[in-house]
Amino acid sequence: MTFPNKVCAVCSEEFELRPDKPGFANRCPACSEPEQVDAVTMTGIDADERKTLKEANEARRLAMRDLLYRKDS
Ligand SMILES: [Zn+2]
């Protein structure tokens, strides 16, 4: 069985689009890897660190919203 050949949107390299290929359908396996590394990093940290990260993101988002809101008024 052959798979359709696609051109990677990132590096313009041709690759086989396999149904079980991880990552984006328009990216070759090599260019899909950063996402996988991210996933590994996320599972590599413990729950406390993840909570801290989440809280930091939340605080940043609130600060951004505050900033935008102030600009509007
Ligand atoms: Zn690529």
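These figures come from a predicted structure and were not determined experimentally. (Residues numbered from 1 in each chain as written. Predicted model: local features only at pLDDT ≥ 70, side-chain atom pairs only at ≥ 80, totals over all residues. Heavy atoms only, no water.)

Novice: Break down the pattern of salt bridges for me, citing the residues and quoting the values.
Specialist: According to the stated counting rule, one finds four salt bridges in the structure shown. Here arginine 61 ties to glutamate 58 by a salt bridge, and the two come within 2.8 Å at their closest N and O atoms. Remark: glutamate 58 and arginine 61 occur in helix H2 (residues 47-72); sequence separation between them is three residues, near one turn of the helix. Among the residues examined, glutamate 58 registers a relative accessible area of 38% and is labelled partly exposed. In this structure, aspartate 66 and arginine 70 form a salt bridge, with 2.6 Å as the shortest nitrogen-oxygen distance. (Salt bridge = Lys/Arg side-chain N within 4 Å of Asp/Glu carboxyl O. Helix = DSSP H or I, 4+ residues; strand = E, 2+ residues; numbered from the N terminus. Buried < 20%, exposed > 50% of the residue type's maximum accessible area, 1.4 Å probe, protein only.)

Novice: Describe in detail the environment of arginine 18, supporting the description with residues and values.
Specialist: Tracing the backbone shows arginine 18 in the loop between strand S2 (14-16) and helix H1 (29-44). Along the primary structure arginine 18 and threonine 2 are separated by 16 residues, whereas in three dimensions their C-alpha atoms are 8.8 Å apart. Polar side-chain contacts of arginine 18 include one of 3.0 Å to the side chain of glutamate 16. (Polar contact = N/O pair within 3.5 Å; in protein donor to acceptor, adjacent residues only side chain to side chain.)

Novice: Which residues make up the confidence of the model for the chain, and what are the values?
Specialist: Across the chain, the average pLDDT comes to 82, with 84% of residues at or above 70. Predicted confidence in the chain is weakest over H1, with a mean pLDDT of 66, and strongest over strand S1 (residues 5-7), with 93. (pLDDT = per-residue confidence, 0-100.)

Novice: Account for unusual backbone geometry, naming residues and giving values.
Specialist: Of note in the backbone geometry, serine 12 takes a positive phi value of approximately 60° without being a glycine. Looking at the secondary structure, you find serine 12 in the loop between S1 and S2. On the basis of relative accessibility, which here comes to 56%, the residue serine 12 falls in the exposed class.

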